[in-house]
Each structure stands twice: as structure tokens, then as C-alpha cells.
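# Coordinate analysis (summary)
So the chains spell out like this:
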Amino acid sequence: MHELSITRNIVATVVEHARGRKVEGVTLKVGDLAGIELQALRFCFDVCTDGTCLEGAKLHIEQIPGRGRCLECDELVALEQPIAICPCDKRARLVIEAGEELLIHSMEVH
Amino acid sequence: MCRTCGCSDGNMVTVGNADGDHTHILPDGTVIEHHGHSHDHGHSHDHGHSHDHGHSHDLGHSHDLGHSHDHGHSHDHGHAQGPSKVEILEAKVMEKNERLAERNRGWFAGREVLALNLMSSPGSGKTTLLERTLRELDEPSTVVEGDQETARDAERLRATGVPVVQVNTGTGCHLEADMVWMGLQTLKPDAGSVVFIENVGNLVCPALFDLGENKRVVLFSITEGEDKPLKYPHMFKAADLVLITKMDLLPHLDFDLEEAKASVAAIAPDARIMEVSTKSGDGLAAWYDWIRETKKVAAA
């Protein structure tokens with residue numbers, strides 16, 4: 001359940017940027033290959049924001065699909081897991097181009 | 001509950017040495033230090049006070065008081081409460097841990113210390129491998145031992161004569177860079193030594209936390225099944241070395257070694273793979289050679 005400590009980091013970063021203002025919403029960008037369980041993250045968000053300037057804030061999560069590029073056939077491959085070998089005939093090296101993001105994109109403040 | 005000083009725990013992290021000195025890190029990052037020896041003297045009152053500290057943090061609701069200030073503001077809202085505005089942050093969530101990991105990395109590099117982060121599921125043989133390694137490696141070594149609870153593994157490893165610091169993560173399921181930093185302050189490893197960091201037994205969470213180590217070593221035992229790397233790709237993708245352990249059990253199991261290696265290669269094509277048995281000693285010479293070689297490269 002690393003989502004708890006990750007959520008604490010999110011809340012601490014937003015609190016710092018908010019400088020006492022009330023935060024109404026937070027938007028995250030989370031890649032599908034980032035190793036984050038979104039349901040756990042949402043649960044932890046409600047717990048961790050309690051008693052802070054984020055209390056009651058809405059959590060928006062923008063999911064970023066996993067994508068890799070095969071070094072042999074140069075094809076873009078949709079990825080659900082961070083595999084490193086292309087499922088193409090040549091079973092060549094696959095470089096992950098998207099899906100590992102874990103960012104606090106923005107916050108909505110008054 | 002901390003059995004040494006009776007501190008209540010919550011999500012507290014505890015770092016302790018063999019003398020009973022230990023440090024708690026509260027969820028908000030506050031550090032509370034307790035000295036094992038002072039328990040024998042009448043200083044326990046002082047401890048009581050530091051507990052109060054803990055509590056005031058727990059209250060955290062002193063923040064609620066802050067809200068009454070906010071209420072004050074809400075009176076102004078008639079004027080001030082316009083539409084909310086969006087501020088773009090684009091902040092990396094893991095930035096703080098990454099910064100602290102960089103500090104550890106610099107600390108290791110400056111002392112030419114080789115730091116190895118050992119990770120696996122519970123029960124795949126990390127502590128047993130370390131016990132034998134510490135006895136046979138013949139390199140100056142220390143251990144940062146991570147477990148959710150108890151100092152049992154640290155005690156097993158201390159019996160080898162090597163300094164060990166136990167980090168109890170409480171409800172936490174992985175080590176983070178600041179915990180390793182605190183462990184290092186207690187351990188004070190010699191220049192040119194090897195620091196083994198035994199992470200909390202868990203194939204998921206530790207993968208996401210850089211500790212500033214030189215290399216990541218992931219163990220998986222042949223009782224766990226060939227497809228473990230495919231099921232836990234986040235852990236295996238960052239491995240520099242994969243140790244397939246408990247090889248002495250091979251005759252008793254239907255374990256396909258080649259399939260296991262193919263699973264590793266699909267996730268971590270650059271990782272070295274070694275087969276070892278801590279019980280029989282087979283394969284350990286290669287593991288020791290790898291440590292010595294990696295240390296030379298790290299110090300170069």
C-alpha cells in the first residue's frame with residue numbers, strides 16, 4: 001500500500017503551493033505503468049486531506065495509457081504492463097515512451 | 001507500540017541500533033530520538049514530554065483551529081469569493097524521495113561505499129542469504145534491515161559480527177530514502193565498505209522508492225513459480241541482478257528454470273541472472289565475485 005505514502009507526498013506538495021488558500025480540486029496525471037492502484041489512491045486522498053486546506057477537495061485523475069516503441073520494427077505498441085521486449089516477430093527491445101508518469105498537474109484554489 | 005520506550009505508533013517509522021537507542025519519524029516528518037541508556041536513569045520524565053510532542057502532532061487538529069481563521073476569511077467571501085482558479089504545478093509526486101535518494105547516492109559515492117538494495121517477496125531468502133554472505137564475503141560490511149515489525153532479522157544478522165541497524169516501518173510496506181539516511185547516521189559505514197539494504201519483504205511497493213543505492217538485487221525463490229517477474233514487472237524491471245534462490249529444492253519441484261529466465265528477460269533484459277542455494281552454497285562464489293566487481297566499478 002505505497003499509495004498511502006505517495007498520497008501524503010501529494011497532499012504535502014499541494015499544501016505547500018496553496019499557502020493557506022482553500023483547495024477545491026487537484027488534478028493528477030497517472031500513467032498506467034506507474035504502478036499505482038487508483039482506487040487505493042482515491043481512498044488515501046480522502047484520509048490524508050482531512051484537516052488540511054484540501055479537505056473536501058475533488059481528486060481528478062487523468063490516466064495516461066502505456067506506450068512503447070519497438071527498436072526493431074519502430075512500431076508503437078500499447079502496453080498494459082511495463083514489458084521490455086516487443087511482441088513482434090523479432091522480439092526486439094521495447095522502449096517505454098509513455099505511461100510511467102506520476103505528476104500533480106494542477107490545483108484549483110480560491 | 002514501541003516496545004523499547006512505549007511510544008504509540010500509528011504510521012511511525014522506528015530506526016534502532018543494538019544499544020536500544022532509537023528514533024521515531026512521525027508521519028509529518030518530525031523526528032523523535034530516544035536513547036536506550038537514559039531509560040535506566042530517571043530521565044523517563046523527559047521521555048514523557050517527548051510523547052506529548054507526539055500527541056500534539058497526532059492532534060493535528062490544531063490545524064482545525066486554523067480553520068476558525070479561515071472562517072474569518074469566509075466573512076470576506078462576499079467580496080473575495082470569485083470563481084476558483086486553476087494553478088498548473090506539473091510537480092513530480094516522487095520528487096522529495098528522489099531528492100533524498102540523490103543525497104544518499106552522493107554520500108555513498110563520496111565514501112566509495114557500495115550500497116545494494118535487496119528486494120523480494122517475504123520468505124524468498126534475503127536474510128538467510130545475507131547471514132551467509134556476511135560470514136563469507138570478507139569485505140567490510142554493514143546492514144540496514146527493514147521490516148514492518150520486530151528486530152528479529154537484525155538480531156540474526158548481528159550474530160555474524162557485522163553492525164546492523166533495524167528500521168521498523170510500522171504500517172509502511174517499504175523503505176524510503178530518508179529512512180536509509182537515518183540508518184546511515186547510526187551505522188556510519190566505513191569508506192570503501194559494502195552497505196546491504198534489506199528492504200521490507202514485498203514485491204510491489206519497494207520498487208517505486210529509489211534509496212540512492214548503486215544496484216538493485218531482486219531475489220525470487222523457485223518455490224514461487226516461473227512467472228513471478230511477469231506478475232510483478234515493476235519490481236523486476238529495475239533489477240540489476242536477479243538471484244534465483246533455493247536452487248537445492250529443484251529436484252523436488254516442477255520448476256522450469258529456462259522459463260523463469262525468459263520471464264526475467266522479458267521484463268529486465270539487461271539484468272544479470274544467477275542461480276544460488278544458500279543452503280548448499282552452490283552459486284554463492286559468483287554472487288560474491290559480482291559484489292567485489294561491482295564495488296570496484298562503483299569506486300572507479
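These lines cover the structure that appears in this document, whether it is placed above or below. Remember, it's a predicted structure, so these values are computed and weren't measured experimentally.

We now examine the environment of P82 of chain A. Examined against the element boundaries, P82 of chain A turns out to sit in the loop between β4 (76–79) and β5 (94–98). Taking the C-alpha atoms as reference points, P82 of chain A and A34 of chain A, separated by 48 residues in sequence, lie 8.8 Å from one another. Not counting residues within four places of it along the chain, the set of residues in contact with P82 of chain A comprises L33 and I96 of chain A together with P233, H234, K237 and I267 of chain B.

Contact with chain A, which involves 36 residues of that partner, is made by 36 residues of chain B. For the pairing of chain A and chain B, the buried interface totals around 3000 Å² over both sides, and the portion due to carbon and sulfur atoms is 58%. Linking chain A with chain B are four salt bridges. A salt bridge links E100 of chain A to K237 of chain B; its shortest N-O distance comes to 2.6 Å. Linking chain A to chain B there are 15 residue pairs in polar contact (both at pLDDT 80 or more). For the side of chain A that touches chain B, the secondary structure elements donating two or more residues are α1 (3–18), β1 (23–31) and β6 (102–109) of chain A. The residue inventory of the side of chain A that touches chain B, partitioned by class, reads 16 nonpolar, 13 polar and seven charged. Strand direction decides the pairing type here: β6 of chain A and strand β4 (residues 85–92) of chain B, joined by six bridges, are antiparallel. For S106 of chain A, the partnering residue across the bridge sits in β4 of chain B and is I88 of chain B.

Before going further, it helps to examine the packing of aromatic side chains. Where two aromatic rings form a pair, the distance of their centres and the angle of their planes describe that pair. Residues and elements named next belong to chain B. In this structure the tally under the stated criterion is three aromatic pairs over all chains. Measuring from ring centre to ring centre gives 5.6 Å for F220 and F236, while their planes differ by 85 degrees; the resulting arrangement is edge-to-face. Of this pair, F220 sits in strand β9 (residues 215–221) while F236 sits in helix α8 (residues 233–237), placing them 16 residues apart in sequence. Arranged with centres 6.0 Å apart and planes meeting at 15 degrees, the rings of W287 and W290 form a pair that is stacked.

Take the sheet that holds β4 of chain B next. One key point about sheets: their strands pair by backbone hydrogen bonds, in either a parallel or an antiparallel sense. With respect to topology, four strands assemble into an open sheet ordered β2(A)-β1(A)-β6(A)-β4(B), the strand pairing being mixed. In this open sheet, the two strands that pair with only one neighbour each are β2 (58–64) of chain A together with β4 of chain B. The mean inter-strand angle of the sheet, taken between neighbouring strand axes irrespective of direction, is 20 degrees. Across seven bridges, β1 of chain A lies against β6 of chain A in antiparallel orientation. For V30 of chain A, the partnering residue across the bridge sits in β6 of chain A and is L102 of chain A. Strand contacts of α1 of chain A: β1 and β6 of chain A together with β4 of chain B, with the helix running at about 40 degrees to β6 of chain A, the strand carrying the most contacts.

What follows is about the environment of A286 of chain B. Mapping A286 of chain B onto the fold places it in helix α10 (residues 284–299). Sequence separation between A286 of chain B and M274 of chain B is 12 residues; the distance between their C-alpha atoms is 7.7 Å.

Attention now moves to the nonpolar core. All names here are of chain A. Grouped together as the largest cluster of nonpolar side chains are 49 residues, with contacts concentrated most on I6 and V23. With five residues, α1 is the largest single contributor of residues to this core. Once you skip the residues sitting within four places of it in the chain, V23 turns out to touch V14, A18, C53, L54, A57, M107, E108 and V109.

Here the structure, examined in full by the defined rule, presents 23 salt bridges over all chains. The shortest N-O distance in the salt bridge between R105 of chain B and E102 of chain B comes to 3.1 Å. Pair noted here: R105 of chain B and E102 of chain B are both in helix α3 (residues 95–110), with a separation of three residues, about one helical turn. Taking relative accessible area as the criterion, R105 of chain B reaches 28% and is therefore assigned partly exposed. Overall, E102 of chain B belongs to the partly exposed group, its relative accessible area being 46%. The partner of K261 of chain B in a salt bridge is E275 of chain B, with the nearest N and O atoms 2.7 Å apart. Taken together, the residues span a long stretch of sequence, with K261 of chain B in helix α9 (residues 257–267) and E275 of chain B in strand β11 (residues 272–275) at a distance of 14 residues. According to the relative accessible area criterion, K261 of chain B is partly exposed, its value standing at 24%. A single salt-bridge network, built from bridges that share partners, covers R67, R69, D74 and E97 of chain A.

In this section: α10 of chain B. All names here are of chain B. The end-to-end C-alpha distance of α10, which contains 16 residues, comes to 23 Å, matching closely the 22 Å that a straight helix rising 1.5 Å per residue would cover. Among all positions in α10, only L284, W287, Y288, W290, I291, T294 and K295 are buried. Buried residues of α10 fall within an arc of 155 degrees about the axis and therefore sit on the same side. Across α10 from its buried face, at more than 90 degrees, point the exposed residues A285, K296 and V297.

Calculation criteria
- Residues numbered from 1 in each chain as written.
- Chains lettered and ligands numbered in written order.
- Predicted model: local features only at pLDDT ≥ 70, side-chain atom pairs only at ≥ 80, totals over all residues.
- Heavy atoms only, no water.
- Helix = DSSP H or I, 4+ residues; strand = E, 2+ residues; numbered from the N terminus.
- Contact = heavy atoms within 4.5 Å.
- Buried area = accessible area lost by both parts, 1.4 Å probe.
- Salt bridge = Lys/Arg side-chain N within 4 Å of Asp/Glu carboxyl O.
- Polar contact = N/O pair within 3.5 Å; in protein donor to acceptor, adjacent residues only side chain to side chain.
- Nonpolar A, V, L, I, M, F, W, Y, C, P; charged D, E, K, R; others polar.
- Pairing = 2+ DSSP bridges.
- Phe/Tyr/Trp six-rings, centres within 6.5 Å; stacked < 30°, edge-to-face > 60°.
- Axes fitted to C-alpha atoms, helices over the stretch in contact; angles between N-to-C directions.
- Core = buried A, V, L, I, M, F, W, Y, C linked by side-chain atoms within 4.5 Å.
- Buried < 20%, exposed > 50% of the residue type's maximum accessible area, 1.4 Å probe, protein only.
- Expected span 1.5 Å × (residues − 1).
- Arc of directions from axis to C-beta.

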